[in-house]
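What follows is each chain in one-letter form.
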Amino acid sequence: MSPSGNTQQRTVRDVVFVDGVRTPFGKAGEKGIYAGTRADDLVVKCIRELMRRNPSLPAERVDEVAIAATTQTGDQGLTIGRTAALLAGLPRTVPGFAIDRMCAGAMTAVTTTASGIGFGAYDVVIAGGVEHMGNHPMGAGADPNPRFMSERLVDPAALNMGNTAENLHDRFPAITKERTDAYAAASQAKLAKAYAHKQIQPDLVPVAAKKPGAGWALHSVDEPPRPGTTVADLAELRTPFRPHGRVTAGNAAGLNDGATAALLASSEAAEDLGLNVKMRLVAYAFAGVEPEVMGIGPVPATEKALKNAGLSIQDIGLFEINEAFAVQVLSFLDHYGIADDDPRVNRYGGAIAVGHPLASSGVRLMNQLARQFEEDPSVRYGITTMCIGLGMGAAVIWENPHHPDYTAATGTTETSSTNSKGAAA
């Protein structure tokens, strides 16, 4: 209540996705393209490219820089949102911070700063993520509390993502290795087709990188894809997480290096600054599940996001589902009765083909959805969703500004007694 006893009025503003870029994704390790490159330098490339692509945006109008990393140490430490902003040449008045939600790091950077835009704390933000898994292998330096095991707070499998995927196979026996291999081969084929049609390249930032003993090279395409992969090829791969298991290096995302960044704004600021609008954020949600089957996380997160938006799954015309493991995507599709080869799902392929540098991947999903919106104005709503280590899921629903029924709202006046979903308490 205000001092006068009147209910304080507040306007909830529309949040729009203006632009998104990423580096080409590389293979982690000494043979990968970024073996001699720092993680923070990959972020800097993305921030500078966003500013170059949007010349009507004065640098001093950026209100925040949020960058995610799962392993926040070394070249991914020291509050990387702030250090990357300084290194990218943004004014010193632009603040920044670091964020971690494992695989959904960049997605959380987007939703967190988007909430700030909606609340009125920001007008324009940059949000993204980075993971240099060559410099920082998954779990390196982590020290899980022994109570997790001694008090049986989680299943031991929860601390190994491959084991959680095998557990998901156990829970859903209809998802066979043959199905996951077929899905994985299709992901490779869809990515190859998208590259052939120049649908991936527009959002890639070329990176000059120097590898130890190999000199400099300019990288403008992703390193992990294996075009031409067949189901027969995948059937020959070993199952490292369980004897006679179902999860292989071929039907799961690899270990990768890369960075992403997105430009978000209020709809009013975008209009005032002459910024293009690629998507409008409709709703988002995060949900927790049993850590030992973390791959099912996108299902409850999507249920929550749909409820918050007042939509149903039938309203979603495009799906960008992060492919940490094929079984995880198929469990989502089976839950909603969607066919494995439904053309609405991952039209450009996914992480199985292109790679998954953990905390960076959320913005890759958004980039691909935004480009599909532009190509297909008949689709009004799309979703980006992903599973998250330690038993979580994330989902963000977006609206296509090219759809004939799209109308950018000017903001909804709410009282200070509203709840977190925007409904009157």
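The protein chain has the name acetyl-CoA C-acyltransferase in an unreviewed UniProt entry, where Arthrobacter cupressi is given as its organism. UniProt's Sequence similarities (unreviewed entry) comment on the protein chain is quoted here verbatim: "Belongs to the thiolase-like superfamily. Thiolase family."

**Q** Hey, could you run me through empty space enclosed by the protein in this one?
**A** To find the voids left in a structure, one rolls a probe of water-molecule size over its atoms. According to the stated counting rule, one finds three cavities of 30 Å³ or more in the structure shown. By volume, the largest cavity amounts to about 60 Å³. Contributing to the lining of the largest cavity are R22, Q199, I200, D203, L204, R364, N367 and Q368. It is helix α12 (residues 361-375) that contributes the most residues to the lining of the largest cavity, three residues altogether. Of the residues contributing to the lining of the largest cavity, the split by class is two nonpolar, three polar and three charged. The computed volume of the second largest cavity comes to approximately 50 Å³. Going through the elements one at a time, β2 (15-22) and α12 are the ones with two or more residues in the lining of the second largest cavity. Looking at the lining of the second largest cavity, the element that brings in the most residues is α12, giving four residues. Classifying every residue of the lining of the second largest cavity gives two nonpolar, two polar and five charged.

**Q** What's the story with helix α6 (residues 177-196) in this structure? I'm lost.
**A** Think of an α-helix as 3.6 residues a turn; residues three or four steps apart then line up on the same face. Counted at 1.5 Å a residue, the expected span for α6 with its 20 residues is 28 Å, and the 29 Å between its end C-alpha atoms agrees. Looking at α6, one finds that the buried residues are K177, T180, D181, Y183, A184, A185, S187, Q188, L191, A194 and Y195. Looking at the buried side of α6, the elements it contacts are α5 (161-171), α7 (231-235), α10 (326-335) and α11 (351-354). One or two positions beyond α6, positive phi appears at K198, with a value near 60°.

**Q** When you look at the packing of α6 against α10 in this model, what are you seeing that I'm missing?
**A** Each pair of packed helices can be described by the angle between their axes along with the distance between the axes. Between α6 and α10, whose axes approach to 9 Å, the crossing angle comes to 100°. The pairing of α6 with α10 is recorded here as roughly perpendicular in orientation. From α6, R179, T180 and Y183 reach across to α10, where they touch A326, V327, V329, L330 and D334. For the contact of α6 with α10, the class distribution of residues is five nonpolar, one polar and two charged.

**Q** What's the story with a nonpolar patch on the surface in this structure? I'm lost.
**A** A surface patch of nonpolar side chains, amounting to about 420 Å² of accessible area, comprises F148, M149, L153, L159 and L390. Here L390 lies in the loop between β12 (381-388) and β13 (392-399). Relative accessible area serves as the criterion here: at 44%, L390 is assigned to the partly exposed category.

**Q** Would you mind going over the packing of aromatic side chains with me for this structure?
**A** To describe a pair of aromatic rings, one takes the distance between the centres and the angle between the planes. For the structure on display, the rule yields four aromatic pairs. Plain terms: the ring middles of F17 and W398 are 5.8 Å apart, the flat faces sit at 80° to each other, and that makes the pair edge-to-face. Separated by 381 residues along the polypeptide, F17 in strand β2 and W398 in strand β13 bring together distant segments of the chain. Assessed through its relative accessible area of 0%, F17 is described here as buried.

**Q** Sorry, what's going on with the pattern of salt bridges here?
**A** Pairing between side chains becomes possible if they bear opposite charge and their charged atoms approach one another. Following the criterion strictly, the structure yields 22 salt bridges and no others. For R53, the salt bridge goes to D19, with nearest N and O atoms at 2.8 Å. Of the two residues, R53 is situated in helix α1 (residues 39-53) and D19 in strand β2; the sequence distance between them amounts to 34 residues. Residue class for D19 comes out buried when judged on its relative accessible area of 3%. Notably, a salt bridge pairs R179 with D334, separated by 3.0 Å at the nearest N-O pair. Taken together, the residues span a long stretch of sequence, with R179 in helix α6 and D334 in helix α10 at a distance of 155 residues. Given the relative accessible area of 35%, D334 is considered partly exposed.

**Q** How do you make sense of the nonpolar core when you look at a structure like this?
**A** Side chains of a nonpolar character, in soluble globular proteins, are inclined to be buried together. Grouped together as the largest cluster of nonpolar side chains are 42 residues, with contacts concentrated most on I316, F319, F325 and L333. At the level of elements, α5, α6, β10 (279-288), α9 (298-309), β11 (316-321), α10, β12 and β13 are the ones that each hand at least two residues to this core. Broken down by element, the residue count for this core peaks at six residues, all from α10. With 39 residues, the next largest nonpolar core counts L42, V44, L50 and V207 among its residues.

**Q** Explain the UniProt feature "active site" (unreviewed entry) in the protein chain here, please?
**A** Taking the numbering used here, the UniProt-annotated feature "active site" (unreviewed entry) corresponds to C103, H356 and C387. A stretch of 285 residues holds the annotated residues, and the largest C-alpha distance among them is 12.0 Å, short enough that they meet in one place. Mapped onto the elements of the fold, C387 is located in strand β12. Here C387 falls in the buried class, since its relative accessible area comes to 1%.

Rules behind the numbers
- Residues numbered from 1 in each chain as written.
- Predicted model: local features only at pLDDT ≥ 70, side-chain atom pairs only at ≥ 80, totals over all residues.
- Heavy atoms only, no water.
- UniProt positions renumbered as here; feature names shortened; annotations may be inferred.
- 1 Å grid on protein atoms, 1.4 Å probe; cavity = no way out; pocket = protein on both sides within 12 Å on 5 of 7 lines; lining within 4 Å.
- Points joined across faces, edges and corners; volume = space filled by probe spheres on them.
- Helix = DSSP H or I, 4+ residues; strand = E, 2+ residues; numbered from the N terminus.
- Nonpolar A, V, L, I, M, F, W, Y, C, P; charged D, E, K, R; others polar.
- Expected span 1.5 Å × (residues − 1).
- Buried < 20%, exposed > 50% of the residue type's maximum accessible area, 1.4 Å probe, protein only.
- Contact = heavy atoms within 4.5 Å.
- Axes fitted to C-alpha atoms, helices over the stretch in contact; angles between N-to-C directions.
- Parallel < 35°, antiparallel > 145°, perpendicular 65-115°, else oblique.
- Patch = residues over 30% accessible without salt bridge, like charges linked within 9 Å, V, L, I, M, F, W, Y side chains within 5 Å.
- Areas by Shrake-Rupley, 256 points an atom, 1.4 Å probe, with all protein chains shown as cover.
- Salt bridge = Lys/Arg side-chain N within 4 Å of Asp/Glu carboxyl O.
- Phe/Tyr/Trp six-rings, centres within 6.5 Å; stacked < 30°, edge-to-face > 60°.
- Core = buried A, V, L, I, M, F, W, Y, C linked by side-chain atoms within 4.5 Å.

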